[in-house]
Amino acid sequence: MTPPATIPIAAAQLMLAAALPALAAHFQLTNDPATAGPGQFAAEEIRREAAARDLAPVRIDERLPADAIQIKLSVEPEGDAIAQSYRIRVQTEGGRRSITVKGADAAGAMYGGLDIAEAIRTGTLDSLKDSDHQPHIARRGIKFNIPLDLRTPSYTDCSDAGQANIPVMWERTFWTAFLDAMARHRYNVLSLWSLHPFPSLVKVPEFPEVALDDVWRTRATLDDTFSFAGTDMVRPAMLADHEVVKRLTMDEKIEFWSWVMQHAADRGIQVYVFTWNVFTFGAERKHGITSDLGNVITKQYFRASVRELVKTYPLLAGLGITAGEGMPETMNSKEKERWLWETYGEGVRDALKADPKRAFRMIPRFHWTAQGDIPEDFKAYPVPFEFSFKYSGAQM
C-alpha cells in the first residue's frame, strides 16, 4: 500500500499564502465631513486596525504607491434610504482598488467604516465585494442600572459591586471604552436607570439645596435584607459611614455628563434616562420634599427637576418613566398616570417651550399600570411617545 503523500509545513504555508490575494501595503483614507463624529470614530478604527496590520497611511497630498488601496467614507443617501443604512462599493481601475462607503446618514457611514476596519483586522479587506446593508432592528440598546452616588441609588446599589462601581461611573476612561465597544458591536441606545437621579445630574433653581456636590459611597457592611421595592436602598447606617470618592462640584458633574452624551452621539448612540417612582433619595426633607405623592411641593420639585434635566442636556434623547415601585399598591392606575403627567409630562413640556422642534421621546412603562390610562393622561404630550413592556421579567 502506497503511503499518502506528505507536504512539509513550510511548503504548505507557502502554497496557502500564494492562494490568498496579496494584502495592500499602503492605504489612503478620505472621510467626508458630513460623516461628522460617527464617521471620525470609524476613521480612527480603520487607522488603528491598519497600523496593527502594518498598512502604512498615505496622506491626501502624497503620491499614491502602486500597491495602495483607497478608502472613502461618505454620506450619500439614495432615494428613500433607511436611517443607519449604507452601501459598500468596490472598484478596480488601472490596477488600483478603491472601497467607498456610502451611508444614508452619519451613522450609516460609521457602520460601513466599522465593516472596513473589521475586514482589515481579519485579513479579508481584499475580498470585500459590493454590498447593501440596513438595520434589522432600528434601536439596539443596553439597560444600565447606574450607581451614581450612595445618595442617589439605582436598584442593586445595595451591594459590594454597586458601591465599588460608584467612582467608575465618573471616569472618562470607563465611558470611552464602554461607548466605543457599544459602537463596535452596533448598539445605538444606552438607557441609564436610577431610582432618583436628579440631585446628581442637575441644578434646580427653585430647590437649590437638592444639588449634590462630590460623590459618596458607603463603607458599611451590606446584607441581603434590602427591600425589593427599593424603599430602603439608602439606610441611615450607610450614610453615617461613608467616604467621598470624587471631589466634584455640580457644575463639573454637568460638564462630565454633557461630555458622556457627546461621546455617545459621536458613536451614533442615543442616551436615555429611566426612573422608578416615586423616590426622593438625595432630596428628602429638603425644601419640604417627601416621598408622599400628595405633597404639592414634591410634585413641583419633580416637574422642575425634569424641566432642568431636559434643558441641561440637549443631547439627552428621552425619558423612560415607571409607575412603581415607590407608588402605593392601593393607588389605581389612573391616579398614577395623572401624577406622572403632572410631573414628568408637564416638566418636559416646560422645557420644550424654548425648543419646540426638539424630538424628545417619552417612554412610559407598562409596570403597575394599565395601557389604556397612559394615552388619556399624556394626550397633550407634544413629541414622540412610545411604550415599554417588560415581557419576560428576567434579569442577568
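Data block above holds the structure.
Computed from a predicted structure; not experimentally measured. For every chain, the first residue of its written sequence is number 1, and the numbers climb from 1 along that sequence. pLDDT decides what is reported in this predicted model: residues at 70 or higher carry local features, side-chain atom pairs at 80 or more are listed and counted, and totals for whole chains, interfaces and linings draw on all residues regardless. Water and hydrogen atoms were dropped before computing side-chain values, which therefore reflect all heavy atoms in the structure.

### Section: the pairing of strand S12 (residues 316–325)
Here is the key point about a regular strand: its side chains alternate between the two faces of the sheet.
Inference 1: Here's how the labels work: a residue is buried when its accessible area is under 20% of the maximum for its type, exposed when over 50%, partly exposed in between, all with a 1.4 Å probe on protein chains only. Only DSSP runs of H or I covering at least 4 residues are called helices, and only runs of E covering at least 2 are called strands; the numbering of each starts at the N terminus. Where burial is concerned, most of S12 is hidden: 10 out of the 10 residues are buried.
Inference 2: For a crossover, the right-handed case is the one in which the path from the first strand over the helix to the second runs clockwise, viewed with the strands pointing away from the viewer. Note that the unit made of strand S11 (residues 270–277), helix H9 (residues 296–312) and S12 has a crossover that is right-handed.
Inference 3: One bridge is not enough; two strands pair if DSSP finds at least two bridges between them. Taken together, the four bridges between S12 and strand S13 (residues 361–364) define a ladder with parallel strand orientation. Residue Gly 318 lies in a different strand from S13, and its bridge partner there is Arg 361.

### Re empty space enclosed by the protein
Inference 1: Think of a 1 Å grid over just the protein atoms. A cavity is a set of points where a 1.4 Å probe fits yet cannot get out, a pocket is an open set with protein on both sides within 12 Å along at least five of seven lines, and lining residues have an atom within 4 Å of a point. Grid points are joined across faces, edges and corners, and a volume is the space filled by probe spheres set on the points. One pass over the full model with this rule turns up one cavity of 30 Å³ or more.
Inference 2: For the largest cavity, the full set of lining residues is Ile 146, Leu 148, Leu 192, Ser 194, Pro 197, Leu 201, Trp 257, Met 261 and Val 273.
Inference 3: Of all the secondary-structure elements, those providing two or more residues to the lining of the largest cavity are strand S8 (189–194) and helix H8 (250–265).

### Re the packing of aromatic side chains
Inference 1: Each Phe, Tyr or Trp ring (for Trp, its six-membered ring) is paired with any other whose centre lies within 6.5 Å, and the angle between the two planes then decides the class: stacked below 30 degrees, edge-to-face above 60, tilted in between. Applying the stated rule across the entire model yields 22 aromatic pairs.
Inference 2: Both rings, one in Phe 144 and one in Phe 174, keep their centres 6.4 Å apart while their planes meet at 70 degrees; by these two values the pair is edge-to-face. Placement of the pair is Phe 144 in strand S7 (residues 141–145) and Phe 174 in helix H5 (residues 172–184), with a sequence separation of 30 residues.
Inference 3: Phe 174 gets classed as partly exposed once you look at its relative accessible area, which sits at 22%.
Inference 4: Each ring, one from Trp 341 and one from Phe 378, has its centre 5.3 Å from the other, and the planes form 80 degrees; the classification is edge-to-face.

### Some points on the sheet that holds S8
Inference 1: The sheet built from five strands is open, its strands ordered S7-S8-S11-S12-S13 with parallel pairing. The open sheet has two edge strands, S7 and S13, and neither has a second partner. For this sheet, the mean angle separating the axes of adjacent strands, direction not counted, is 20 degrees.
Inference 2: For S8 and S11, the ladder comprises six bridges, and the chain directions are parallel. Counted as the bridge partner of Leu 190 is Val 271 from S11.
Inference 3: On the sheet, H5 packs against S7 and S8 and is oriented at approximately 135 degrees with respect to S8. Every angle, taken between N-to-C directions, lies between 0 and 180 degrees, and every axis is a line fitted to C-alpha atoms, over only the stretch in contact when it is a helix. Whether two residues touch is decided by their heavy atoms; if any such pair falls within 4.5 Å, the residues are in contact.

### Brief notes about the side chain of Asp 377
Inference 1: Turning to its location among the elements, Asp 377 is positioned in helix H11 (residues 373–377).
Inference 2: Beyond its immediate sequence surroundings of up to four residues, Asp 377 is in contact with Lys 334, Glu 337, Arg 338 and Trp 341.

### Observations concerning the nonpolar core
Inference 1: Core analysis: the biggest nonpolar cluster contains 60 residues, and Trp 175, Trp 257, Tyr 313, Leu 319, Tyr 344, Val 348 and Phe 360 have the highest contact counts within it.
Inference 2: Elements that contribute at least two residues to this core include exactly H5, S8, helix H6 (198–201), H8, S11, H9, S12 and helix H10 (333–352).
Inference 3: With residues near it in sequence (within four places) discarded, Tyr 344 still touches Phe 198, Thr 275, Asn 277, Phe 302, Val 306, Leu 319, Ile 321, Trp 339 and Met 362. Only buried Ala, Val, Leu, Ile, Met, Phe, Trp, Tyr and Cys residues count toward a nonpolar core, and they belong to the same one when joined by side-chain atoms within 4.5 Å.

### Things to note about the sheet that holds strand S3 (residues 68–75)
Where strands meet in a sheet, backbone hydrogen bonds hold them as pairs that are either parallel or antiparallel.
Inference 1: Ordered in space as S2-S1-S3-S5-S4-S6, the six strands form an open sheet in which the pairing is mixed. Of all strands in the sheet, those bounded by a partner on one side alone are strand S2 (56–57) and strand S6 (131–133).
Inference 2: As judged from the six bridges shared by strand S1 (residues 26–31) and S3, these two strands associate in the parallel manner. Bridge pairing links Gln 28 to Gln 70 in S3.
Inference 3: Sitting on the sheet, helix H2 (residues 36–52) is in contact with S1 and S3, with an inclination near 175 degrees to S1.
Inference 4: The strands touched by helix H3 (residues 106–122) within the sheet are S3, strand S4 (86–93), strand S5 (96–103) and S6, with S5 carrying the most contacts at an inclination of about 145 degrees.

By themselves, these figures tell us nothing about what the structure is for.
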